[in-house]
Structures are given as C-alpha cells and as structure tokens.
Amino acid sequence: MKEQDKIRMLVTTALMMCMTMVMTFIIRIPIPATQGYIHLGDSMVYLSVILLGWKYGAVAAGVGAAMADLLAGYAQYIPVTFAAKAVMAIIVGVAFKKIVENNIDGTKGLVLKVVAMAVAGVVMVAIYYAAEVFMYGNLLAPLVGVPMNCLQFAVGGVLALAMSKALKGIRVGKTQF
C-alpha cells in the first residue's frame, strides 16, 4: 500500500471512529426498562465496513462505540460494546468482500448484504444478552433489551445502505465504492 493510501486509511478510520461515537452518543433514545438506550451508531458500524473493509472497519466500529459508552457513563459495557461492534463489523466486512469478489450485484447482491447485516446484528444482540446474563445473574432480565437492540441494528442497516449509495464512487485505500 502506498504511503498516501496508508494515510487516507488512517484518517478515514479515525473519522469513522468519531462518527460512530457521535451517532451512538449524541442521538440516543433512552429505554427506561433497561436503563440503557438505543441509537443510530450501528449505521456507522456498517458504513465503516463499507468504506474501510473489515479490518479497519472493525477498529473504527469497536473503538468508536466503546468511546460512546465511556462518555455516556456506561464504563461497565466498554469491553462488551467493543467486542460486539467489532464482531458485527467483521461479519459484515467479510460477507461484503465475498459479494464484491464474486461480482454479485443487483437484487441478489442487495439481499445478501441485508442478510449479512441481519446476521451481524443478531450476533451483536447475542453478545449483549450473554454479557448481561453474566452481569445481572439472571437469564430473563436481559430479554427486555432484545427487541430494541434488534430495532437498532435494523434501522442502522437501512441508513448505512442509503448512505453508501450517496457515497458511491468514493475511494479509500485500494477500494472504490
């Protein structure tokens, strides 16, 4: 990778970290039943991967979301959030890479992308559920947050796909979208 491409990747990764943090921290809807909140940060998790690929996208997603937890006063969730969002990014990134490598586009490509985002979202929900079972010592209490977490990743996926259309033609590193 050329020096200029390395710098572009580093700067774009930092930008996506910040965008993930902002969309997670600033725009949040409190959930009284869970003492937590839902947010639009998952759109930036997905968009990070679309722009940067799975490696850099996972760093931007995990660190950005974890920073939002720190700022919001949810320090106990920092490791869980970092893992959940980084794993989301890796799943989507690897799937999208295979879709591009196999020249799958049109409706089939879109369906596969949506499925990848849904699988990543379900894994994220499972990670949070498992962590909260451990935190609360109860299998039932964490179930309250599952529907809102599902809504969060679904809305994030729709927003990311819409934004990626607007960014079509942007070049980051070796990849052009």
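About the cut-offs
- Residues numbered from 1 in each chain as written.
- Predicted model: local features only at pLDDT ≥ 70, side-chain atom pairs only at ≥ 80, totals over all residues.
- Heavy atoms only, no water.
- Salt bridge = Lys/Arg side-chain N within 4 Å of Asp/Glu carboxyl O.
- Helix = DSSP H or I, 4+ residues; strand = E, 2+ residues; numbered from the N terminus.
- Buried < 20%, exposed > 50% of the residue type's maximum accessible area, 1.4 Å probe, protein only.

A complete count under the given rule lists three salt bridges for this structure. Close ionic contact of K85 with D42 constitutes a salt bridge, the shortest N to O distance being 2.5 Å. Separated by 43 residues along the polypeptide, K85 in helix α3 (residues 78-101) and D42 in helix α2 (residues 41-72) bring together distant segments of the chain. The same class applies to K85 and to D42, which are both buried. One salt bridge in this structure joins E101 and K97, with 3.9 Å as the shortest N-O distance.

A positive phi is found at N103, a non-glycine position, where the angle reads about 50 degrees. On the basis of relative accessibility, which here comes to 68%, the residue N103 falls in the exposed class.

Spatial relationships are all this shows, so hold off on functional conclusions.
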